[in-house]
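Coordinate inspection notes
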Amino acid sequence: MSELRLATLVPLLIADAPAKAAATLALDAALAVDAGAVIAEPAGIPGRPERPRLVEHIQLKPPSMRTPAGISALVHAIAHIELNAIDLALDICWRFPGMPEAFYRDWLRIAQEEAKHFTLLREHLLSLGFDYGDFDAHNALWDMAERTKHDLLARIALVPRTLEARGLDASPAVKRKLVGAGDRKAGEILDVILHDEIGHVLAGNRWYRFLCERRGLDPITTYAELAERHQAPKLRAPFNLEARRAAGFDEAELAALTNP
Ligand SMILES: [Fe+2]
Ligand SMILES: [Fe+2]
């Protein structure tokens, strides 16, 4: 495969989770980019393993931090988010033509960082005596990909700038939980993830503004409209304002968060 956007379909279609992560990491970042190609959607996007079983979000109870299985369930839930994040970043590359080459290179790098995150968490899960697939999971992230597959602006507004940004907010409390339960290794992995995720949201903000400018739209009112139209989850405090600032949200956007 000699073109980057087409090449991203290969790992996206792989069902086995560790194999998907490995194939993502193996993508050649130096491949040429054909930004104008309109690629027909193949069947089977995204490839997913038979396990974990996917259930409704509300059926998943927060795991207890008093048992090794509960700690592992939380690590599993984060690994599941990272697996979805691999698919989301790959999907942006092939699906949406007409962006500058740097856009596709940003999202390939992000997909590879998500693959690293998944791999770190899965290896940690194995050391705890479990594997990816051993606990139930939900499909909320890919649902948002489906809802926004017809519009890149909506995809960027709602995935990196909403769901991934919410991950920045959630990170300190999740880390406290795991480290508080004695899982220092998970805490170290979460530090790596938080550092990289700031970069992902930063890329989201950069390309969101690029698209708003190209279409002559106001970034703040457009975000509110898109969030409403696509039923974005309501964002709740506490917000990780330090991480959000580092990720490129400006003061007016941060004010709109706390005062919608
Ligand atoms: Fe990640
Ligand atoms: Fe990410």
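Heads up: these notes are all about the structure in this document.

Conventions used here
- Residues numbered from 1 in each chain as written.
- Chains lettered and ligands numbered in written order.
- Predicted model: local features only at pLDDT ≥ 70, side-chain atom pairs only at ≥ 80, totals over all residues.
- Helix = DSSP H or I, 4+ residues; strand = E, 2+ residues; numbered from the N terminus.
- Rg over C-alpha atoms; globule rule 2.2 N^0.38 Å.
- Axes fitted to C-alpha atoms, helices over the stretch in contact; angles between N-to-C directions.
- Parallel < 35°, antiparallel > 145°, perpendicular 65-115°, else oblique.
- Left-handed = near helix turned anticlockwise from the far one by under 90°.
- Contact = placed C-beta atoms within 7 Å.
- Buried ≥ 20, exposed ≤ 12 C-beta atoms within 10 Å, placed from the backbone.
- Arc of directions from axis to C-beta.
- Core = buried A, V, L, I, M, F, W, Y, C linked by C-beta atoms within 7 Å.
- Nonpolar A, V, L, I, M, F, W, Y, C, P; charged D, E, K, R; others polar.

Some details on the overall build of the chain
Looking only at helices and strands, the chain features 11 helices and zero strands. For the chain, the succession of helices and strands along the chain, N to C, is α-α-α-α-α-α-α-α-α-α-α. Relative to the 2.2 N^0.38 estimate, which gives 18 Å for 260 residues, the radius of gyration of the chain is 18 Å and therefore close to what a compact globule would have. The principal-axis extent of the C-alpha atoms belonging to the chain is close to 50 × 45 × 30 Å.

Considerations on the packing of helix α3 (residues 17–25) against helix α4 (residues 68–95)
Their axes nearest at 11 Å, the elements α3 and α4 cross at an angle of 45 degrees. Classed by the angle they form, the pair α3 and α4 counts as oblique. Of the two elements, α3 crosses α4, and the hand of that crossing is left-handed. Here Ala 17, Lys 20, Ala 21 and Thr 24 of α3 come into contact with α4, specifically with Leu 83, Ile 86 and Leu 90.

What to know about α3
Listing the buried residues of α3 in full gives Ala 17, Lys 20, Ala 21 and Thr 24. For α3, the angular spread of buried residues about the axis comes to 95 degrees, placing them on one side. Those residues of α3 that are buried are in contact with α2 (9–13), α4 and α5 (101–127).

Some words on the environment of Leu 74
Position of Leu 74 relative to the elements: it lies in helix α4. Each C-alpha atom of the pair Leu 74 and Val 174 lies 8.7 Å from the other, and the pair is 100 residues apart in sequence. The contact partners of Leu 74, leaving out residues within four places of it in the chain, are Pro 63, Lys 177 and Leu 178.

Looking at the nonpolar core
For soluble globular proteins, nonpolar side chains are generally found buried alongside one another. Grouped together as the largest cluster of nonpolar side chains are 61 residues, with contacts concentrated most on Ile 86, Ala 89 and Trp 107. The dominant element in this core, judged by the number of residues it contributes, is α4, at 16 residues. Contacts of Trp 107, omitting those with residues within four sequence positions, involve Ala 89, Ile 92 and Cys 93. Judged by nonpolar contacts, the second largest core, of seven residues, contains Ile 198, Ala 243, Ala 247 and Phe 249.

So, the packing of helix α7 (residues 152–180) against helix α8 (residues 184–215)
The contact between α7 and α8 brings their axes to 9 Å, and the two run at 160 degrees. Between α7 and α8, the interaxial angle falls into the category roughly antiparallel. Relative to α8, α7 is oriented so that their crossing is left-handed. Of the residues that constitute the contact of α7 with α8, the class distribution is 19 nonpolar, six polar and five charged.

Regarding the environment of Asp 91
With respect to the helices and strands, Asp 91 occurs in helix α4. For Asp 91, a count of 23 C-beta atoms within 10 Å corresponds to the buried category. Discounting chain neighbours no more than four positions away, the residues touching Asp 91 are Leu 12, Ile 45 and Ala 145.

Some points on unusual backbone geometry
For the peptide bond that leads from Ile 45 to Pro 46, omega is -5 degrees, which places it in the cis range. You can see Pro 46 is positioned in the loop between α3 and α4. A positive phi angle, close to 50 degrees, is found at Gln 231, a residue other than glycine. Checked against the element boundaries, Gln 231 lands in the loop between α9 (219–229) and α10 (241–246). Residue classification places Gln 231 among the exposed positions, given that 11 C-beta atoms sit within 10 Å.

Some words on the environment of Pro 97
If you trace the backbone, Pro 97 turns up in the loop between α4 and α5. According to the C-beta neighbour criterion, Pro 97 is partly exposed, with 14 such atoms within 10 Å. In sequence terms Pro 97 and Gly 36 are 61 residues apart; their C-alpha atoms lie 5.3 Å from each other. Those residues within four positions of Pro 97 in sequence are excluded, and the remaining contacts are Ala 35, Gly 36, Ala 37 and Val 38.

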